[in-house]
Amino acid sequence: QYLRLVMKKILMVLESEFKADYRVENEIEQLIKLGNEVTVACYSFSNAYHSEKRDGYTIVRKKISSFIYKTSVGALKFNFYFNFWKKYLGSLLEEKKYDVIHIHDLPLAKVGLDLRKKYGIPVIMDLHENWPVLLNLSLHTQTFLGKLLFSEKQWRNYEKKVLVQVDGIITVVEEAKERLIEIGIDSNKIEIVSNYLNLNTFPDLKRVNSKEIVLFYGGNVNFHRGLQFVIDGMAIVKRKYPKITLVIIGDGSYVGTLKKKVKELSLEESVNFLGRKSQNDLFAEMMKSTIALIPHIRSEHTNTTIPNKIFQHMYAQIPTLSTNCDPLKRIIEKERVGLIYEHDNSKDFAEKLQILINDNINNKYGINGKKAVIEKYNWKAQLTILENFYSKIA
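Residues numbered from 1 in each chain as written. Predicted model: local features only at pLDDT ≥ 70, side-chain atom pairs only at ≥ 80, totals over all residues. Heavy atoms only, no water.

Draft legend 1. Focus on helix α7 (residues 152-165). Relative to the 20 Å expected for 14 residues at 1.5 Å per residue, α7 spans 20 Å between its end C-alpha atoms, a close match to the ideal helical length. When we look at burial in α7, the residues that qualify are Trp155, Tyr158, Glu159, Val162 and Leu163. Around the axis of α7, the buried residues are gathered within 110 degrees of arc, so they sit on the same side. Along α7, the residues that are exposed and aim more than 90 degrees away from the buried face are Lys153 and Lys161. (Helix = DSSP H or I, 4+ residues; strand = E, 2+ residues; numbered from the N terminus. Expected span 1.5 Å × (residues − 1). Buried < 20%, exposed > 50% of the residue type's maximum accessible area, 1.4 Å probe, protein only. Arc of directions from axis to C-beta.)

Here it is in structure tokens:
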């Protein structure tokens with residue numbers, strides 16, 4: 001039933017090492033189901049050029065030097081990084097004829113367009129992030145050298161210039177598509193393939209009943225994740241719920257600052273930093289929780305992306321307390337799977353948390369979440385979207 005398209009040979013490009021990435025792996029699986037042949041090109045820090053077969057597709061890796069990797073922040077000013085990719089991907093295109101180049105995220109769009117000009121192959125851009133803003137928020141662009149090499153304005157100009165030229169664009173959420181249309185990109189070549197769950201591979205997790213209120217956060221720990229406002233809110237809520245606890249899984253540049261805040265507020269018994277965990281261990285901790293948190297600070301970036309953890313919470317039947325980032329607010333309120341608070345307002349966090357605790361009778365928010373994922377927010381529907389999108393492009 002899937003082999004409705006003429007098979008295409010797809011060269012998928014990752015500007016990273018190949019590691020666990022639900023979105024990339026789900027797309028590969030769906031493209032293979034549609035009868036396509038997929039080769040993934042990525043770099044490696046430790047191995048020379050080599051390839052391997054995995055689950056019906058090929059992974060090709062080429063070693064990148066530390067110098068070339070570090071020049072990526074200044075790729076628009078110096079050609080070292082682009083030249084590495086152009087030579088690497090060009091060698092693959094010389095060895096084998098591909099029908100389409102599918103590039104994940106903005107930076108390598110120029111390389112794709114150069115290769116299209118030489119080899120006549122359409123280019124699809126798969127935009128996980130609002131890249132100019134993401135770079136502006138990143139730690140490596142805040143250093144002295146980073147500030148010299150990086151210009152948000154230059155990246156915004158680059159984004160518009162290249163996206164106008166590519167053959168097709170995939171975004172993760174409606175708000176991202178709207179942003180691209182606002183900067184002048186043709187809406188007809190933009191498709192939304194969101195970070196939904198693949199129910200064929202995602203584990204059907206079982207909740208662990210807890211007599212106490214346990215809040216859960218899993219992810220990176222930096223300023224922009226907003227945990228500082230959560231911890232301030234915990235000090236307020238603890239007056240009414242003295243046994244409430246917050247579990248934080250993850251690591252990052254802001255852990256030290258948050259631990260200091262916890263100590264200043266005498267919350268050492270209430271806030272547990274568990275560090276990085278395997279995916280299985282993270283899920284195990286998540287399933288012990290009463291409420292899951294997405295405390296991301298509202299910004300242009302978080303207003304145009306969607307974290308897949310929201311769908312994990314929903315499928316696990318855990319209500320979510322989230323900040324008012326546009327996509328999260330839209331989904332959580334529409335599907336009634338949790339509550340929203342102002343991103344930088346600890347008092348509002350505390351108030352909404354107490355409302356959620358009292359209003360979640362018979363776990364109605366959790367039940368709504370699993371039902372919504374099973375019926376709507378899963379990868380089954382994305383198969384048809386990808387099929388139609390590819391049939392238009394190549």
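Draft legend 2. The sheet that holds strand β2 (residues 37-44), seen in detail. Within the open sheet, the eight strands sit side by side as β3-β4-β2-β1-β5-β6-β7-β8. Their pairing is mixed. The sheet is open, and its two edges are formed by β3 (50-54) and β8 (190-192), each paired on a single side. Ignoring strand direction, the axes of neighbouring strands in this sheet form an average angle of 20 degrees. Taken together, the five bridges between β3 and strand β4 (residues 57-63) define a ladder with antiparallel strand orientation. From the neighbouring strand, Arg54 faces β4, where its bridge partner is Tyr57. Packed on one face of the sheet, helix α16 (residues 380-393) meets β1 (9-13), β5 (100-104), β6 (123-127), β7 (168-171) and β8 and runs near 160 degrees to β7. (Pairing = 2+ DSSP bridges. Axes fitted to C-alpha atoms, helices over the stretch in contact; angles between N-to-C directions. Contact = heavy atoms within 4.5 Å.)

Draft legend 3. Main features of unusual backbone geometry. The phi torsion at Asp55 lies on the positive side, around 50 degrees, for a residue other than glycine. Note that Asp55 resides in the loop between β3 and β4. For Asp55, a relative accessible area of 68% gives the class exposed. Backbone geometry places Asn363, a non-glycine residue, at a positive phi of 55 degrees. For Asn363, the position within the fold is in the loop between α14 (346-359) and α15 (364-375).

Draft legend 4. Here's a closer look at α15. Helix length check: α15, at 12 residues, gives a terminal C-alpha distance of 16 Å against a target of 16 Å (1.5 Å per residue), a fit within 8%. Among all positions of α15, only Tyr365, Gly366, Gly369, Lys370, Ala372 and Val373 are buried. Buried residues of α15 fall within an arc of 160 degrees about the axis and therefore sit on the same side.

Draft legend 5. Spatial organisation of the layout of surface pockets. Within this model, the second largest pocket holds a volume of roughly 270 Å³. Around the second largest pocket, the lining comprises 14 residues; the ones closest to its centre are Lys110, Asp114, Tyr158, Lys161 and Val162. Within the lining of the second largest pocket, the residues separate by chemical class into six nonpolar, three polar and five charged. (1 Å grid on protein atoms, 1.4 Å probe; cavity = no way out; pocket = protein on both sides within 12 Å on 5 of 7 lines; lining within 4 Å. Points joined across faces, edges and corners; volume = space filled by probe spheres on them. Nonpolar A, V, L, I, M, F, W, Y, C, P; charged D, E, K, R; others polar.)

Draft legend 6. The arrangement of the side chain of Thr304 in detail. By the secondary structure assignment, Thr304 is in the loop between β12 (291-294) and α12 (309-315). Setting aside its immediate chain neighbours within four residues, Thr304 contacts Asn130, Val172, Val173, Glu175, Ala176, Arg179 and Pro327.

Draft legend 7. Region of the structure containing the packing of aromatic side chains. Scanning all chains against the criterion turns up 21 aromatic pairs. Plain terms: the ring middles of Tyr43 and Tyr69 are 6.0 Å apart, the flat faces sit at 80 degrees to each other, and that makes the pair edge-to-face. Residue Tyr43 is located in strand β2, and its partner Tyr69 is located in helix α2 (residues 66-70); the two are separated by 26 residues in the primary sequence. With relative accessibility at 36%, the residue Tyr69 sits in the partly exposed group. Between the aromatic rings of Tyr341 and Phe349, the centroid separation amounts to 5.1 Å while the plane-to-plane angle is 75 degrees, which identifies the pairing as edge-to-face. Through successive ring pairs, a cluster of aromatic residues spans Tyr43, Phe45, Tyr69, Phe84, Trp85 and Tyr88. Residue placement shows Lys370 over the ring face of Tyr315; its charged tip is 5.1 Å from the ring centre. (Phe/Tyr/Trp six-rings, centres within 6.5 Å; stacked < 30°, edge-to-face > 60°. Lys NZ or Arg CZ within 6 Å of the ring centre and 35° of its normal.)

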